[in-house]
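# Topology and contacts: notes
Listed below, chain by chain, are the residues.
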Amino acid sequence: MATSIAPVAWASRLKELEEARAKTDELFGIVTSEALFDRPIPERHRIIFYLGHLEAFDWNLIWKGALQREPFSEELDRLFAFGIDPVDGTLPADRPEDWPSVGEVREYCRRVRAALDGCLQDKRARDAATQYEEAFTSGGLMHVAVEHRLMHAETLAYMLHQLPYDRKHPQPQSPPPAPRAGAPARMVTIPAGVATLGQRKGHAFGWDNEFEEHRVEVPAFRIDAHKVTNGQFLAFVRAGGYDDRSLWTPEDWAWKEAQGLRQPVFWVRRGERVEYRAMFEQIALPRDWPVYVSHAEAAAYARWAGKTLPSEAQWHRAAYGAPDGSERFYPWGSSHPDRDHGNFDFDRWDPVPEAAHPAGRSAFGVEGLVGNGWEWTDTVFHPFPGFERFSFYPGYSANFFDDAHYVMKGGSARTAACMLRRSFRNWFRPRYQYVYAGFRCVEAA
Ligand SMILES: [Fe+2]
């Protein structure tokens, strides 16, 4: 028999949902009204889909799924149920007129929120939801709703990043911290040891792919102390890295040629000058910021440098391992993430210099691991031993165990603090270039 969640815990979950909604409402507020039907990334849905999707997801999960209540629009519930995973070469072809009007979508969102909130604040309904979450997850259905929304707060930011400047309302952000002298180009030796991946069931919330906890023996290796910067990547571009077929896999080369790709998608060439496409303005290329590229481009750079991308276990070991054999929850220790530790949790829209947060360094002296851009690994996204899909969301991870996605670790400026936990795994297709993701390289010790 399930036990009720204490009213205090329930109130804090409602508050988290409110805060997450404020984040996504803020994002839609950036888009000018003319741009709501734009499709800033060719492989993704139009912006209007996401406006409906965030509410439809909570609705389908809680109202229809957990509480088994009657919907008021099956058609919109279905239309907004799922996003699309961009498949190479296959682009969606829908037209703006295929979608409901902004007024209809906003009215759907309003009705969904009003009904859901009335229900979540109702004791009997709350107990029903509590039993459901006790039955199916270790941490709760509300966590699923909140983290799903916060993930979209990040992926929507990538998407709006690609929107032309005159289609969005600029937002203020604090200037990046001043760079520290003598930053990158250093490698750190990590001695052989154990990396603990995943988390144990029954302790805290995690998505299905974070279970079960297991240990991996990692031989000694050397890893970049910082992510590769725009300045370092510029040397690769100028050395002809995009013209040297030997640095690319046949599939990556074919994709790059078909796209006519000559540089990272966040860069803009102006004659001989290279500029950077920041969120709300175009600026001179910030050479000490991490470069954001696809896995394909990261792997080509690594080959050019005579190195490789780290495995997920190597990344864990560099981030959380310590010389005394212990492991930390965050690279810097166990204290909750704050602004000194890195560039994350919606503090900024753009990156900061790679060496800006020495307080976030790991026990082995590796910096910038959490925040300021996800990091590609060369680990293909597979389930951990003991994986079980969530019965209420069976496709969350399992749909992507197809040998076509790579694990990313760390977090970006737009990653919520709750998803900076050690076991959290992100994954994308290797030729998807719009994510706030960079990389660092490893070599044998
Ligand atoms: Fe979603």
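All figures in this text were calculated on a predicted structure; none of them were measured in a lab. Per-chain numbering applies: the sequence of each chain, read as written, is numbered from 1 onward. Restriction of local features to residues with pLDDT of at least 70 applies here, the model being predicted, together with a cutoff of 80 or more for giving and counting side-chain atom pairs; totals for whole chains, interfaces and linings are based on all residues. No hydrogens and no water enter the side-chain calculation; it runs on all heavy atoms of the structure.

Pairing between strands is defined by DSSP: at least two bridges between the two strands are required. A run of H or I in DSSP counts as a helix once it spans at least four residues, and a run of E counts as a strand once it spans at least two, with each numbered from the N terminus. Strand order in the open sheet made by the three strands is β1-β4-β12, with antiparallel pairing throughout. Looking at strand neighbours, the two that pair on one side only are β1 (187-190) and β12 (442-444), the edges of this open sheet. Recorded for the sheet is a direction-independent mean angle of 25° between the axes of neighbouring strands. Looking at chain direction, β1 and strand β4 (residues 221-224) are connected through four bridges and run antiparallel. In this analysis, axes come from line fits to C-alpha atoms, helices being fitted only over the stretch in contact, and the angle between any two N-to-C directions falls in the range 0 to 180 degrees.

The subject of this paragraph is the packing of aromatic side chains. Each pair of aromatic rings is reported with the distance of its centres and the angle of its planes. Any Phe, Tyr or Trp ring, taking Trp's six-membered ring, that has another such ring centre within 6.5 Å forms a pair; planes under 30 degrees apart are called stacked, those over 60 apart edge-to-face, and the others tilted. If you walk through the whole model with that rule in mind, you get 46 aromatic pairs. Among the aromatic residues, those joined into a ring-pair cluster are F57, F205, W207, F381, F387, F390, F392, Y393, Y396, F400, F401 and W427. A cation over an aromatic ring shows up here: R69 above the ring of W63, its NZ or CZ 5.4 Å from the ring centre. Geometrically, a lysine NZ or arginine CZ counts as sitting over a ring once it is within 6 Å of the ring centre and also within 35 degrees of the ring normal. Between the NZ or CZ atom of R277 and the centre of the ring of Y165, over which it lies, the distance is 4.7 Å.

If you trace the four strands from one edge of the open sheet to the other, you get β10-β9-β8-β11, paired in mixed fashion. Across the chains shown, the open sheet's two edge strands, defined by having one partner strand only, are β10 (426-428) and β11 (437-438). Sheet analysis places strand β9 (residues 406-409) next to β10, joined by three bridges and oriented antiparallel. Residue M408 lies in a different strand from β10, and its bridge partner there is N426.

The next thing to look at is empty space enclosed by the protein. If a probe the size of a water molecule is rolled over the atoms, the empty space left behind becomes visible. Cavities and pockets were defined on a 1 Å grid built from protein atoms only: a cavity is a group of points that admits a 1.4 Å probe but offers it no way out, a pocket is an open group of points flanked by protein on both sides within 12 Å along at least five of seven lines, and a lining residue is one with an atom within 4 Å of any such point. Grid points are joined across faces, edges and corners, and a volume is the space filled by probe spheres set on the points. Under the definition given, this model contains three cavities of 30 Å³ or more. Taken as a whole, the largest cavity encloses approximately 80 Å³ of empty space. The wall of the largest cavity is formed by 13 residues, among which G342, E354, H357, G368 and N372 lie closest to the centre. In terms of residue class, the lining of the largest cavity is made up of four nonpolar, seven polar and two charged. Size it by volume and the second largest cavity reaches roughly 40 Å³. Forming the walls of the second largest cavity are Y320, W374, K409, G410, M419, L420, R421, R422 and F424. Only Asp, Glu, Lys and Arg are considered charged, only Ala, Val, Leu, Ile, Met, Phe, Trp, Tyr, Cys and Pro nonpolar, and every remaining residue, Gly among them, polar.

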